[in-house]
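A look at the structure
Here's the letter readout for the chains.
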Amino acid sequence: MSSFFRWLRNNSEHYLLVAAHQKLAKSQGAPAPRPPKGVKEIFWLKIFAPTYSLLPWPLRNKIMKAMPGSHRKTWAPPPRLQGPAV
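Rules of the game
Residues numbered from 1 in each chain as written. Predicted model: local features only at pLDDT ≥ 70, side-chain atom pairs only at ≥ 80, totals over all residues. Heavy atoms only, no water. Core = buried A, V, L, I, M, F, W, Y, C linked by side-chain atoms within 4.5 Å. Buried < 20%, exposed > 50% of the residue type's maximum accessible area, 1.4 Å probe, protein only. Helix = DSSP H or I, 4+ residues; strand = E, 2+ residues; numbered from the N terminus. Contact = heavy atoms within 4.5 Å. 1 Å grid on protein atoms, 1.4 Å probe; cavity = no way out; pocket = protein on both sides within 12 Å on 5 of 7 lines; lining within 4 Å. Points joined across faces, edges and corners; volume = space filled by probe spheres on them.

Ranked by size, the top nonpolar core spans nine residues in total: L8, Y15, V18, A19, W44, L45, F48, A49 and M67. Secondary-structure elements contributing two or more residues to this core are α1 (3–28) and α2 (38–54). Residue contacts for F48: discarding those within four places in its chain leaves S12, L16 and F43.

Our next topic: the layout of surface pockets. Looking at the largest pocket, its volume works out to about 370 Å³. Forming the boundary of the largest pocket are 14 residues, of which S12, F48, Y52, M64 and M67 lie nearest the centre. Secondary structure elements with two or more residues in the lining of the largest pocket: α1, α2 and α3 (57–66). In terms of residues, the lining of the largest pocket owes the most to one element, α1, which gives five residues.

On to the side chain of E41. Looking at where E41 falls in the secondary structure, it is placed in helix α2. By relative accessible area, E41 is classed as buried at 15%. Once residues within four sequence positions are removed from consideration, E41 is found in contact with Y15, R34, P35, P36 and K46.

Structure (structure tokens):
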């Protein structure tokens, strides 16, 4: 995987997780993670994460499949059923 896509995936995962923690803390009345500091964190938490959450799943899925990485692997089909279960 190229270093750009690795960087993009790592940052995406990290800041989507932080945004989820913020949302959960707010809904539960718990202390939230610290507010974003700097342009990088503000972009990822105030622009990227909310935009990503608004995208419909089919579009998110297409974007992920277009990027190189382990998330492109698919599950093997389930084995064919043979005879009764008992």
